[in-house]
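An overview of the molecular structure
Each chain, letter by letter, is given below.
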Amino acid sequence: MAAASFMYTMTGTLDAKGRVCIPAPFRDVLAAQETPGVLVCPCYHEPALDGFGEEAIRHVRQMQASLDPFFSREHDVRATAILARTVNLPRDENGRVRLPDEMIAYAGLKDRVTFVGLDRKFQIWDSERYRVVEAERLKQAVDLLNGRSVS
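Attention in this report is confined to the structure presented alongside it. (Residues numbered from 1 in each chain as written. Predicted model: local features only at pLDDT ≥ 70, side-chain atom pairs only at ≥ 80, totals over all residues. Heavy atoms only, no water.)

Bringing the side chain of aspartate 50 into the picture now. Residue position: aspartate 50 is located in strand β4 (residues 49–52). Here aspartate 50 falls in the buried class, since its relative accessible area comes to 7%. Of note is the side chain of aspartate 50, whose polar atom sits 3.2 Å from the side chain of glutamine 123. (Helix = DSSP H or I, 4+ residues; strand = E, 2+ residues; numbered from the N terminus. Buried < 20%, exposed > 50% of the residue type's maximum accessible area, 1.4 Å probe, protein only. Polar contact = N/O pair within 3.5 Å; in protein donor to acceptor, adjacent residues only side chain to side chain.)

Structure follows, in structure tokens:
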């Protein structure tokens, strides 16, 4: 059976307490993956947050399984990059999670946020910032379709 994936783009709000409501379709994917909350870490190449469930973290653990946890530098580099920076956030009965202050600052989140479904993960963006990013990504998609490389 194929795993459920995060699809679509939705907007929401970041309240004064640092809470966002994970969109219902994303909560459904998390539930299908048997993820009680949501896993979140800073994105590595853009000012956004990556959200994901058990499927993505299972993939990370599988990659780590072949590496010695005590004598492999690669193990520690990968673990630091993903596992040490990931937080498991519990959801309340309304689907809200409290984002850590340092993650809110990292992504530059203000009152309007955009949730972007990207298959095995989703991203949380400041809505104004994401409009520019989305336009650039769509331009790059057209370039790829026309056989041009993108950087």
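Glancing now at the packing of aromatic side chains. A complete count under the given rule lists 5 aromatic pairs for this structure. Plain terms: the ring middles of phenylalanine 115 and phenylalanine 122 are 6.4 Å apart, the flat faces sit at 50° to each other, and that makes the pair tilted. The class for phenylalanine 115 is buried, based on a relative accessible area of 0%. Their ring planes at 50° and their centres at 5.7 Å tell us that tryptophan 125 and tyrosine 130 sit as a pair that is tilted. Tyrosine 130 matches tryptophan 125 in its accessibility class, with the two residues each being buried. Taken together, Phe6, Phe26, Phe115 and Phe122 form an aromatic cluster joined through their ring pairs. (Phe/Tyr/Trp six-rings, centres within 6.5 Å; stacked < 30°, edge-to-face > 60°.)

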